[in-house]
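Observations on the model geometry
What follows is each chain in one-letter form.
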Amino acid sequence: VQLQACGGGLVQAGGSLRLSCTASGRPVSRATVGWFRQAPGKEREFVAVISRSGGSTSYADSVKGRFTISRDNAKNTVYLQMTSLEPEDTAVYYCAADTRIILSSWRRDSEYDYWGQGTLVTVSS
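Quick caveat, the model's predicted, so the values are computed rather than measured. (Residues numbered from 1 in each chain as written. Predicted model: local features only at pLDDT ≥ 70, side-chain atom pairs only at ≥ 80, totals over all residues. Heavy atoms only, no water.)

The next point concerns the overall build of the protein. The helix and strand inventory of the protein stands at 0 helices and 11 strands. Reading the helices (α) and strands (β) of the protein from amino to carboxyl end gives β-β-β-β-β-β-β-β-β-β-β. In terms of C-alpha radius of gyration, the protein reaches 13 Å, essentially the compact-globule figure of 14 Å for 125 residues. Based on the C-alpha atoms only, the size of the protein along its principal axes is roughly 40 × 25 × 25 Å. Classification of the 125 residues of the protein by burial places 46% in the buried group. Within the structure as shown, the protein displays about 6,200 Å² of accessible surface, and the carbon and sulfur contribution to it stands at 46%. (Helix = DSSP H or I, 4+ residues; strand = E, 2+ residues; numbered from the N terminus. Rg over C-alpha atoms; globule rule 2.2 N^0.38 Å. Buried < 20%, exposed > 50% of the residue type's maximum accessible area, 1.4 Å probe, protein only. Areas by Shrake-Rupley, 256 points an atom, 1.4 Å probe, with all protein chains shown as cover.)

Structure below.
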């Protein structure tokens, strides 16, 4: 599976962005897809994840209520809608996919086999 993440950019605090993660090579419907981010000088951290069917999602506490993950399997794409953005959300955002990951491992980046190239989100204060 090849993943292409896009949609990042520069936005003012309080603004919104929608990131997209489009898969090629295999149907994204077969994979659990997660979003992770890495801020300058920090380790990569979990942001959100969505199950294959879209019926289950999970969010980091820091983004809960502000970010929404969704998927359109017909378009082979997973989205991350980000609202009420804060300067602390500034990071490179990565999407990741795995076809065999289990629920208890959804938040561990080491458990994902496939990664997109990352898209930069910059939130100005």
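Quick look at the side chain of Arg-37 now. Tracing the backbone through its elements, the reader meets Arg-37 in strand S4 (residues 32–38). Relative accessible area serves as the criterion here: at 5%, Arg-37 is assigned to the buried category. A distance of 3.5 Å separates a polar atom in the side chain of Arg-37 from a polar atom in the side chain of Ser-62. Engagement of the side chain of Arg-37 in a polar contact is seen with the side chain of Asp-89, the distance being 2.9 Å. (Polar contact = N/O pair within 3.5 Å; in protein donor to acceptor, adjacent residues only side chain to side chain.)

The next thing to look at is the nonpolar core. In this structure, Trp-35, Leu-80, Met-82 and Tyr-93 are the most contacted members of the largest nonpolar core, which totals 38 residues. Secondary structure elements with two or more residues in this core: strand S1 (2–6), strand S3 (17–24), S4, strand S5 (45–50), strand S7 (67–72), strand S8 (77–82), strand S9 (91–98) and strand S11 (119–124). Excluding residues within four positions of it along the chain, Tyr-93 makes contact with Leu-19, Trp-35, Phe-36, Arg-37, Val-47, Phe-67, Leu-80, Met-82, Gly-118, Thr-119 and Val-121. (Core = buried A, V, L, I, M, F, W, Y, C linked by side-chain atoms within 4.5 Å. Contact = heavy atoms within 4.5 Å.)

Let's shift gears to the state of the cysteines. This model, assessed by the stated rule, comprises 1 disulfide. No disulfide involves Cys-6; its nearest neighbouring cysteine sulfur is the one of Cys-21, lying 8.8 Å away. (Disulfide = S-S within 2.5 Å.)

The next point concerns the packing of aromatic side chains. Here the structure, examined in full by the defined rule, presents 5 aromatic pairs. A ring pair is formed by Phe-36 and Tyr-112, whose centres lie 5.3 Å apart and whose planes are at 75 degrees; its orientation type is edge-to-face. Residue Phe-36 is located in strand S4, and its partner Tyr-112 is located in the loop between S9 and strand S10 (114–115); the two are separated by 76 residues in the primary sequence. Judged by its relative accessible area of 4%, Tyr-112 is buried. Summarising the aromatic geometry, the rings of Phe-36 and Trp-115 are spaced 5.3 Å apart at their centres and angled 50 degrees between planes, so their arrangement reads as tilted. (Phe/Tyr/Trp six-rings, centres within 6.5 Å; stacked < 30°, edge-to-face > 60°.)

What follows deals with unusual backbone geometry. Located in the positive-phi region is Asn-76, a residue other than glycine, with phi close to 55 degrees. Residue placement: Asn-76 occurs in the loop between S7 and S8. Of note, the phi angle at Ser-84 is positive, near 45 degrees, even though the residue is not glycine. Structurally, Ser-84 can be placed in the loop between S8 and S9. When its relative accessible area of 39% is taken as the criterion, Ser-84 is described as partly exposed.

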